[in-house]
Amino acid sequence: MAIIYNQNKKTFSLHTAKTTYQMKIGNLDYVNHLYYGASIRDEDLSYLIKRYDRGFSGNPYDSLKERTFSLDAQPQEFTTQQQGDFRINSIEVENWDGSFSFDGRYRSHRIRKGPFTLSGLPTAFATDQDTVDTLELVIEDSITKVQVTLLYSVFEEADIIMRAVRVHNGGKETIRLKRIMSFNMDYMNGQNLDLISLPGRYGQERQVERQPLTHHVHKIRSGRGISSHQQNPFIALVERTANEDYGACYGFALMYSGSFLAEAELDQYDQARLVMGINDRLFSYAVDPGEDFDTPAVLMTYTHKGITRMSRNYHDFFRDNLNDSRFIKDVRRPVLLNTWEAAFFDFDDVKLVEIAKAAKKIGVEMIVMDDGWFGRRNDDNSSLGDWYVNKDKIRCGLNDLVRQINDLGLKFGIWFEPEMVSEDSDLFRSHPDWAMEIPGRHAVRSRNQLVLDMSRREVQDYLIERINSILDSANIYYVKWDINRAITDLWSNSLDSEHQGEVSHRYVLGLYRVMDGIIKTHPDIMFEGCAGGGGRFDPAMLTYFVQYWSSDNTKPLDNLKLHYGSSFLYPVCSMGAHVSEASPMVPLETKAAIAMCGTFGYELDATKLNEKEITACRKMSERYHEYYDLNFFGDYYRLADPFEQVNLVAWETVAKDKSEALITVITVNLTVNGPQEYIMCKGLDAKTIYRVEGYDSDLEASGMALMHAGIPIPREIPEYTAFQYHLKAIG
Ligand code: DGJ
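**Q** Would you mind going over the sheet that holds strand 27 (residues 526–529) with me for this structure?
**A** Working definition: the strands of a sheet are paired by backbone hydrogen bonds and lie parallel or antiparallel to each other. Read around the closed barrel, the eight strands follow the order 21-22-23-26-27-28-29-30; overall the barrel is parallel. Each neighbouring strand pair of the sheet contributes to a mean axis angle of 30 degrees, computed without reference to strand direction. Pairing geometry for strand 26 (residues 478–481) and strand 27, over four bridges, is parallel. Each residue of the ladder has a partner; that of Val479, found in strand 27, is Phe527.

Here it is in structure tokens:
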């Protein structure tokens, strides 16, 4: 059993293979958090909680008898409200009488098999239900009868605990949730923790920032209606001394694609608190009597073996438990060429077939027709919403175009931006009220487009019908699902003024319903997500998309940072990465090596390549297939940090059985007459002898030597050269 309830001690212990999480029904039936960390079996850790007088913090006991107990200092599983805890809170509920109290105390619990699911929200799945245990722990305010069920699913082997909460209004009147976080995490000893997050911007997503947790509220958030380029719904709290290989690391990844919030705080007693969930800004959700509200899930992991191991826990889990598409493990993803940077809006059926013929010569296996094939779209000012083939451009019709591409031996992919509408579109002309615009105001335009009100059932049904009918009209193998603006003007014409604070979340729920209706009903189609690059690259999206376009910035050197940052959470097989014409000073081979740190493809006009480039690209496409399994399913190691002043950036993937490894090294700075540089391998079997293949290397050395003495990298190599060393076990 991964979850043990000790009736005498009133403790709940959640055990994964290498971690323990413990809580206890404590004083006055408040549920205390006790511990999260390395495995500790069968011990009551409540001795960790100390009690002493807490000046200025309130006492829920009769204070004549007991003045040493205050929720302001108690480690808790979920917070109360208005009970004397002044730290960041996980719930803010406006009761029917206008009060804001929530005094949640233990009511009941249940332990069962299989992971929890949430109403309308994606969760991780288990192939074998028996391998996951779930705890449902109910706390209740006895006056308002508001119940919060704390949900914990323990994925034992993966060292992952999935959490969420479900609010039930057991009272007789409507309540209003002003803030409801997916979890609360208290650390009794919060000193010396650093917070790692992945901030960025358009074209520079998921950079890495690490800062000490100090005595104020740290906020990591998106209020953009999408998980955003600017922040990612992931944070880690790591020991100050933790590095890639050593130290305690706690990861938290929120499965949500809308506006989110993470808050972390070091309190007056150096205890740390972290909450994460739906952003409470512009949020107010009415829950009627008898109704439930589910929060998005969060995936937590812990390791004391450093940041690399934390990332690996996520990489393995994302591959195994987020998406059951056959394109994750069973079917190889083809080398694709996307027409966007090749042609932008300037293409027709003839040009696409020409590009396809040329692309075939460089080892491309699939052509993706990007933006511009529908309505009357020749630039970005029109036609979004009109998902009908533009017969002026695709004169032969979609089915025939796909047949011509298929006849060349290539697969065919297509682009959509379902959630948007252009004012210059038939859809907008017939349904202006489907766009989000606050009555009497002029909605904010972005890329000259408006946002469809995804909370409306009829909008969802229109999109499901329209897009499915295109997908079913031809032999389509792949879909790129894009969104190219943030969401403003939150308003739904289908809701009354009492419920407008729900629109942002209802949008996300509507989006998931549309994705269920399109993606889950087409298991044979491979879906890639995109949001003007990686503006909605999040764990929830990966339950639908097997890969996500990392960034519109295809400059290879920028991608070194982008891939490095993304790899803190996301596996190589989920990061869309293409070779493009950007940065002409960087050799094609280097661009390819960098794109292999993701799902390799091209973003260029293949008809313009010369013979030398064709040969180089073909070799690179072959190389992608040669190392496909190693790259997609191996253990990933960051070997050098591109954010530091380094001459080389490097990473490595090691096969799970340690029989081979691929090391990629990029020279980013040429030091004239510089020192000899070495790459220290990681993750090899110390006693195994490996042959190091590549670049005239005749090296044969033990894993021990390669990890501790390293591989010498040739000196005075021009900037932007790529080396890929293949290590093969030979004895
Ligand atoms: C933004 C995407 O990131 C690009 O790759 C491309 O699909 C354009 N949108 C098309 O409008």
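**Q** Sorry if this is basic, but what is going on with the pattern of salt bridges here?
**A** For side chains of opposite charge, pairing can occur when their charged atoms come near one another. Per the stated rule, a full pass over the model turns up 52 salt bridges. Here Arg112 and Glu136 are joined by a salt bridge, their closest N and O atoms 2.8 Å apart. Of this pair, Arg112 sits in strand 6 (residues 105–113) while Glu136 is found in strand 7 (residues 132–140), placing the two residues 24 residues apart along the sequence. Relative accessible area serves as the criterion here: at 23%, Arg112 is assigned to the partly exposed category. The closest approach of N and O atoms between Asp635 and Lys656, which form a salt bridge, is 2.4 Å. On the criterion of sequence distance, the pair formed by Asp635 in strand 31 (residues 635–638) and Lys656 in the loop between strand 32 (648–654) and strand 33 (660–667) is long-range, its members being 21 residues apart. Beyond isolated ion pairs, a larger network of salt bridges with shared partners links Asp85, Arg87, Asp186, Asp267 and Arg273.

**Q** Help me understand the domain arrangement of the protein chain, please; the structure alone is not making it clear to me.
**A** Many authors give the size of an interface as the accessible area that is lost as the parts come together. The domain boundaries assigned to the protein chain delineate domain 1 (3–321), domain 2 (334–629) and domain 3 (636–729). The gap between the C-alpha centroids of domain 1 and domain 3 is 40 Å. Contacts between the two partners involve eleven residues from domain 1 and, on the opposite side, six residues from domain 3. For the pair domain 1 and domain 3, the two sides together bury roughly 730 Å², of which 40% comes from carbon and sulfur. When the buried surface of domain 1 facing domain 3 is broken down by residue, Glu244, Thr308 and Arg312 rank first, second and third, together holding 45% of it.

**Q** Would you explain helix 9 (residues 556–566) in this entry?
**A** Residues three or four positions apart in an α-helix share a direction because the helix packs 3.6 residues into each turn. Within helix 9, eight of the eleven residues are buried, which leaves it mostly tucked inside the rest of the structure. Every buried residue of helix 9 is accounted for by Pro556, Asn559, Leu560, Leu562, His563, Tyr564, Gly565 and Ser566. Contact partners of the buried residues in helix 9: strand 29 (575–580), helix 10 (588–595), strand 31, strand 32 and strand 33.

**Q** Looking at this model, I keep getting lost on unusual backbone geometry. Mind explaining?
**A** Comment: phi is negative for the bulk of residues other than glycine, and the bulk of peptide bonds are trans. We note that Lys145 has phi near 65 degrees; this positive angle belongs to a residue other than glycine. In this fold, Lys145 is placed in the loop between strand 7 and strand 8 (146–155).

**Q** Can you walk me through the pairing of strand 3 (residues 19–25) in this structure?
**A** Two faces belong to every sheet, and in a regular strand the side chains alternate between them. For strand 3, the tally of buried residues reaches seven of seven residues, placing the bulk of the element in the interior. Residues Thr19, Tyr21, Met23 and Ile25 of strand 3 are buried on one face, and the alternating residues Thr20, Gln22 and Lys24, pointing to the opposite face, are buried as well. With five bridges joining them, strand 2 (residues 11–15) and strand 3 adopt antiparallel strand pairing. Along strand 3, the bridge assignment pairs Phe12 with Met23. Counting the residues between successive antiparallel strands, the hairpin from strand 2 to strand 3 contains three residues. Bridge count between strand 3 and strand 4 (residues 31–38): seven bridges; the pairing is antiparallel.

**Q** Just checking my understanding: could you explain helix 5 (residues 398–407) for this structure?
**A** Along helix 5, the residues that are buried comprise Leu398, Leu401, Val402 and Ile405. Summarising the axial view, the buried residues of helix 5 lie within an arc of 95 degrees, below the 170-degree limit, and thus occupy one face. Along its buried surface, helix 5 packs onto helix 4 (349–361), strand 22 (366–369), strand 23 (411–416) and helix 7 (457–471). Downstream of helix 5 by one or two residues, Gly409 has phi in the positive range, about 90 degrees.

**Q** Is there a simple way to think about the site of the ligand in this case?
**A** Taken together, the neighbourhood of the ligand is formed by 13 residues, with Asp370, Asp371, Lys480, Asp482 and Asp552 sitting nearest. Within the side chain of Arg447, an N or O atom sits 2.9 Å from an oxygen atom of the ligand. Interatomic distance of 3.3 Å between a side-chain N/O atom of Asn484 and a nitrogen atom of the ligand. Contact with the protein chains removes 98% of the 290 Å² of surface that the ligand exposes when unbound.

**Q** Could you clarify how one ought to interpret the packing of aromatic side chains in this entry?
**A** In this description, an aromatic ring pair is defined by two values, namely the gap between the centres and the angle between the planes. On inspection of all chains with the given rule, the structure shows 43 aromatic pairs. Ring centres 5.4 Å apart and planes at 10 degrees place the aromatic pair Phe183 and Phe252 in the stacked group. Linking Phe183 in strand 10 (residues 175–187) with Phe252 in strand 15 (residues 249–254), this pair joins segments that are 69 residues apart in sequence. When its relative accessible area of 0% is taken as the criterion, Phe183 is described as buried. Note on Phe600 and Tyr602: the rings are 5.3 Å apart at their centroids and 80 degrees apart in plane angle, and the pair reads as edge-to-face. You can call Tyr602 buried: its relative accessible area is 0%. In textbook terms, an aromatic cluster arises when at least three aromatic residues are bridged by ring pairs, as seen for Phe234, Tyr314, Phe318, Trp481, Phe537, Phe545, Tyr548 and Tyr570. Across the ring face of Phe347, the terminal group of Lys393 is positioned such that the distance to the ring centre comes to 4.8 Å.

**Q** Explanation requested: the environment of Ser46 in the structure shown.
**A** Positionally, Ser46 belongs in the loop between strand 4 and strand 5 (91–94). Separated by 331 residues in sequence, Ser46 and Arg377 have C-alpha atoms that sit 64 Å apart. Those residues in contact with Ser46 that sit more than four places away from it in its chain are Lys24 and Leu34. Within the local environment of Ser46, its side chain forms a polar contact with the side chain of Asp44, the two groups lying 2.8 Å apart.

**Q** What is the right way to look at the pairing of strand 8 in this model?
**A** Burial analysis of strand 8 places ten of its ten residues in the buried class, the great majority of the element. Residues Val146, Val148, Leu150, Tyr152 and Val154 point to one face of strand 8 and Gln147, Thr149, Leu151, Ser153 and Phe155 to the other, with burial holding for every one of them. Pairing geometry for strand 8 and strand 9 (residues 160–169), over ten bridges, is antiparallel. Note on strand 9: the bridge partner recorded for Val154 is Ile161. In this antiparallel pair of consecutive strands, strand 8 and strand 9, the connection spans four residues, and Asp159 shows a positive phi of 60 degrees.

What counts and how
- Residues numbered from 1 in each chain as written.
- Predicted model: local features only at pLDDT ≥ 70, side-chain atom pairs only at ≥ 80, totals over all residues.
- Heavy atoms only, no water.
- Pairing = 2+ DSSP bridges.
- Helix = DSSP H or I, 4+ residues; strand = E, 2+ residues; numbered from the N terminus.
- Axes fitted to C-alpha atoms, helices over the stretch in contact; angles between N-to-C directions.
- Salt bridge = Lys/Arg side-chain N within 4 Å of Asp/Glu carboxyl O.
- Buried < 20%, exposed > 50% of the residue type's maximum accessible area, 1.4 Å probe, protein only.
- Domains from an automatic or database assignment.
- Contact = heavy atoms within 4.5 Å.
- Buried area = accessible area lost by both parts, 1.4 Å probe.
- Arc of directions from axis to C-beta.
- Near = heavy atom within 4 Å.
- Polar contact = N/O pair within 3.5 Å; in protein donor to acceptor, adjacent residues only side chain to side chain.
- Areas by Shrake-Rupley, 256 points an atom, 1.4 Å probe, with all protein chains shown as cover.
- Phe/Tyr/Trp six-rings, centres within 6.5 Å; stacked < 30°, edge-to-face > 60°.
- Lys NZ or Arg CZ within 6 Å of the ring centre and 35° of its normal.

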